[in-house]
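# Coordinate inspection notes
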Amino acid sequence: MVENNKIQQTVFHTVLILLTLCCVLPFLLLFISSFTSEDALIRNGYSFFPQEWSIATYQYLWNNISLIGHGYFMTIVVTVIGTVCSLVLTILFAYPLSRPDLPYRNIVSFFVFFTMLFNGGLVPTYLMYVNTFHIKNTMFGLIVPSLLMNAFYVIMMRTYFTSNIHDSLIEAARLDGAGEGKILVQLVLPLSKPMISTLALMVGLGYWNDWMNGMYYITDSRLYTIQNILNNMLTNIQFLASSSEITGGASIADLPSVGIRMAIAVIAVFPVLCVYPFFQKSLIKGIAIGGVKG
Amino acid sequence: MKKHATAIKKDREWQKFRYKRNRILYLMLLPGTIYLIINNYIPMAGLQLAFKKYDYAQGMWKSPWAGFSNFVYLFKTKDAWLMTRNTICYNAAFIALGTLLAVTVAIMLNELKNRLAKNIYQIFILIPYLISMVVVSYIGYAFLATDAGFLNHVTGGSTNWYGTPGAWPFILVVIYLWKSFGYNSIIYYATVIGIDGSLYEAATIDGATRWQRIKHVTLPGLKGTILTLVLLAIGKIFYSDFGLFYRVPMNSGLLYDATMTIDVYVYRGLTQLNDIGRSSAAGFYQSMLCFAVILTANAIVRKIDRENALF
C-alpha cells in the first residue's frame, strides 16, 4: 500500500510537472528569442539555445522609446482609469442589490442577469458606439465598450456582500444614524477589501490585455495601447505575407525585425508576470469564488 | 389615543426615512443601469438591423426594412454552414477535452501530499490565462512560422502551417486547452477542497482504495460544479473566442475553412467586406440560437437536478 502510494505520488508529480513546463516553456521561447541576435534568428530560427545572444533588440527599443513608450503610457492610463471606473460602477450597483429590503430588487437583478443570456452582438454595438456616441478614436473607445461593467462581476460582488456583511451590522449603523452612502463607504467597503482587490485585479487584467476595443474603435496611432501596437504589427506581417505572394517583391524584412517584435511582446507581458506572484493568492481565490455561479 | 397618534407619526417618519434611504440606494443603481442600457440593451434592440438594408446615410435605426433578404443572402453562401459547423464543433471539443483535463488536474492536485508543490503547480498553470490572445499569437508564430518557427526547426520540415488547414483543428484545440485549463482546474480544485473531509475518512475506514475514493467521493462531489460550468459553456456554444480564431491563425485566407467561426465572419463582414447586411444577419442568428440553447440547456438541467440550474 505504502509502495503503491509512492508510485502514485510520483506519477501525479510527473504529470503536473510536465503540464507546468508546457505552461512556462512557450514564454521562455518568447523571452529567449527576444534576446537572440537577429542573424541567429534568421539562420536557426526560434530556439531555446540560441547560438548568439544579444540585447540589440532592447537597445533598439530603448533608442526608439517613442515607438512603444507611448503605447505603454496609454495602456497604463486606460488600465488605471478603466479599473477605477469599473470598480465604482460595479460596487455601486452590487451594494443596493445585496440589501434584502430594497423594493423591486428582483427586477433589477433580472435586468442584470438577462445581459448574460442575450446580447446584441458586434454589429449593432459597433454601429451604436460609432454613429450615436462617436467614440471612434477617443479614449472612451478604449475604456467604455463591454469592459466597464459586466453582470458576472456584479453578481460576484453582490454575493460577497450578502454572505459576508451581516445585516445586523448595517441595521446597527442605521440606528446610529448613518446614511446609506456613509454605510457603504465607511462600513461595507473596509470589510470587503479582499473581494475588492480581487475584482480590481481581474478587471485590471482585462484592461491591460484588451486589444479588441482598440481594434474596433481606434485608428489613430496616438491612442494605441501596447496590445494594439502588437496587434497591428501582426496585421502588417500578414498583409505583407499575402501581398508578397502576389508581387514576390516587398519582404517581411522591411518590418521591425522578428527579434524586436518578440521584445515588444515580452515587454507587454513582463509587468503582468512581475506583479503576478504578489497577487496570485487573491487571483486564485477570486477564480475559485467567481467560477461557480458567481 | 395619544399613544396611537405617536405610533402613526412614528410610522410616517419611518416611511419617510425608508423612502429617503431607498432613494439613495436607487441613485447608486443609476450609473450602472445607464451603462447596461447603452452597452447591452440598445444593441439588443439594434438586432432589428438584420431585417434592414443598411444605409450609411440613414444609420441603424432609419434604414429601410428589407424583410428576410439578408438571411436569404447569408444562407445561400456556403459560409453559413461552415461557420456554424466550426463554431459548434470547436466548442464541443473544448467543452469535452477542457472539462476532462481540468477535472483530472484538480483531482491530481487534491491527491498530492506536498502542500508547497500544490501551490507551485497552481501558480504556474494559471500563467497562460494571464496573457492576451495577441501575445498568444506571437508565441504561436514563434512555434509555427515557416522559416524560423520552432516546430519546423526541430522537425527539420518546412511546412507552411499558416497555409495548412488540416492542422488547425488540432492546433486550436491545443492552444485553447493550454490557455484555459489552469483557470478551470482551479475552479474544480476549489470545489474538491470544499468536499466534506469526513466522507474521505469514512471511505478510508471502509477500506476504499484511492481510486475508489476518487470515484465514489471526489467525482460525485464535483458533479454540481461540472454541470454548472458545462451548462454555462453550452450556453455559449455559438460564441467563439474571436482572438483565438482570428488573431492566432493570422487571419490567413488559406485557413478559413478550418478557422472561420460566426464571430470571425461577423467581424470580417463588418470591417473588411463592408457587408453589413449579411454580417448583422449572422449576428442575429448567433444571438437567437444562443438564447434558445441556454434556455433549453437550463430547462433540461432543472429537470434533472434543480439545484444546479442557473435560474
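Just so it is clear, the model here is predicted, and its values are computed rather than measured.

Take the domain arrangement of chain A next. Residues and elements named next belong to chain A. Segmenting chain A into domains produces domain 1 (1–54) and domain 2 (65–291). The distance between the C-alpha centroids of domain 1 and domain 2 comes to 31 Å. Each side of the interface is counted separately: domain 1 has eight residues, and domain 2 has nine residues. Taken as a group, Leu 30, Glu 38 and Tyr 46 account for 52% of the area that domain 1 buries against domain 2, more than any other trio of residues on that side. Here domain 1 is connected to domain 2 by zero salt bridges. If you list the elements that add at least two residues to the side of domain 1 that touches domain 2, you get helix H1 (2–34) and helix H2 (38–44). Here the element with the most residues in the side of domain 1 that touches domain 2 is H1; it accounts for five residues.

Along its sequence, chain B is organised into domain 1 (2–50) and domain 2 (69–308). One C-alpha centre belongs to domain 1 of chain B, the other to domain 2 of chain B; they are set 40 Å apart.

All names here are of chain B. At their nearest, the axes of helix H9 (residues 197–205) and helix H10 (residues 210–235) sit 10 Å apart, and the two run at 150° to each other. When the interaxial angle is binned, H9 and H10 end up roughly antiparallel. Handedness of the crossing formed by H9 with H10: right-handed. Contact with H9, carried on its side by Leu 199, Tyr 200, Ala 203 and Thr 204, involves Arg 213, Val 217 and Thr 218 of H10 and no other residues of that element. Here the residues of the contact of H9 with H10 are counted per class, giving four nonpolar, two polar and one charged.

Glancing now at the pattern of salt bridges. Residues and elements named next belong to chain A. Summed over the entire model, instances satisfying the criterion amount to eight salt bridges over all chains. We note a salt bridge from Glu 171 to Arg 174, for which the minimum N-O separation is 3.0 Å. With Glu 171 and Arg 174 both in helix H9 (residues 167–175) and three residues apart, the pair spans about one turn of that helix. Glu 171 sits in the partly exposed class, given a relative accessible area of 34%.

Right, let's talk about the nonpolar core for a bit. One finds A:Tyr46 and A:Phe93 to be the most contacted residues of the largest nonpolar core, which totals 192 residues. Per-element tally for this core: the top contributor is helix H14 (residues 258–291) of chain A, with 15 residues. Residue contacts for A:Tyr46: discarding those within four places in its chain leaves A:Leu29, A:Ser33, A:Leu41, A:Val258, A:Met262, B:Tyr141, B:Ala142, B:Ala145, B:Ala148, B:Gly149, B:Phe150 and B:His153.

The next point concerns a nonpolar patch on the surface. Residues and elements named next belong to chain A. Together, Ile 17, Leu 18, Leu 21, Leu 25, Leu 28 and Phe 31 line one region of the surface with nonpolar side chains, adding up to about 490 Å² of accessible area. Structurally, Phe 31 is set in helix H1. Its relative accessible area of 37% is what places Phe 31 among the partly exposed residues.

The rules behind the values
Residues numbered from 1 in each chain as written. Chains lettered and ligands numbered in written order. Predicted model: local features only at pLDDT ≥ 70, side-chain atom pairs only at ≥ 80, totals over all residues. Heavy atoms only, no water. Domains from an automatic or database assignment. Contact = heavy atoms within 4.5 Å. Buried area = accessible area lost by both parts, 1.4 Å probe. Salt bridge = Lys/Arg side-chain N within 4 Å of Asp/Glu carboxyl O. Helix = DSSP H or I, 4+ residues; strand = E, 2+ residues; numbered from the N terminus. Axes fitted to C-alpha atoms, helices over the stretch in contact; angles between N-to-C directions. Parallel < 35°, antiparallel > 145°, perpendicular 65-115°, else oblique. Left-handed = near helix turned anticlockwise from the far one by under 90°. Nonpolar A, V, L, I, M, F, W, Y, C, P; charged D, E, K, R; others polar. Buried < 20%, exposed > 50% of the residue type's maximum accessible area, 1.4 Å probe, protein only. Core = buried A, V, L, I, M, F, W, Y, C linked by side-chain atoms within 4.5 Å. Patch = residues over 30% accessible without salt bridge, like charges linked within 9 Å, V, L, I, M, F, W, Y side chains within 5 Å. Areas by Shrake-Rupley, 256 points an atom, 1.4 Å probe, with all protein chains shown as cover.

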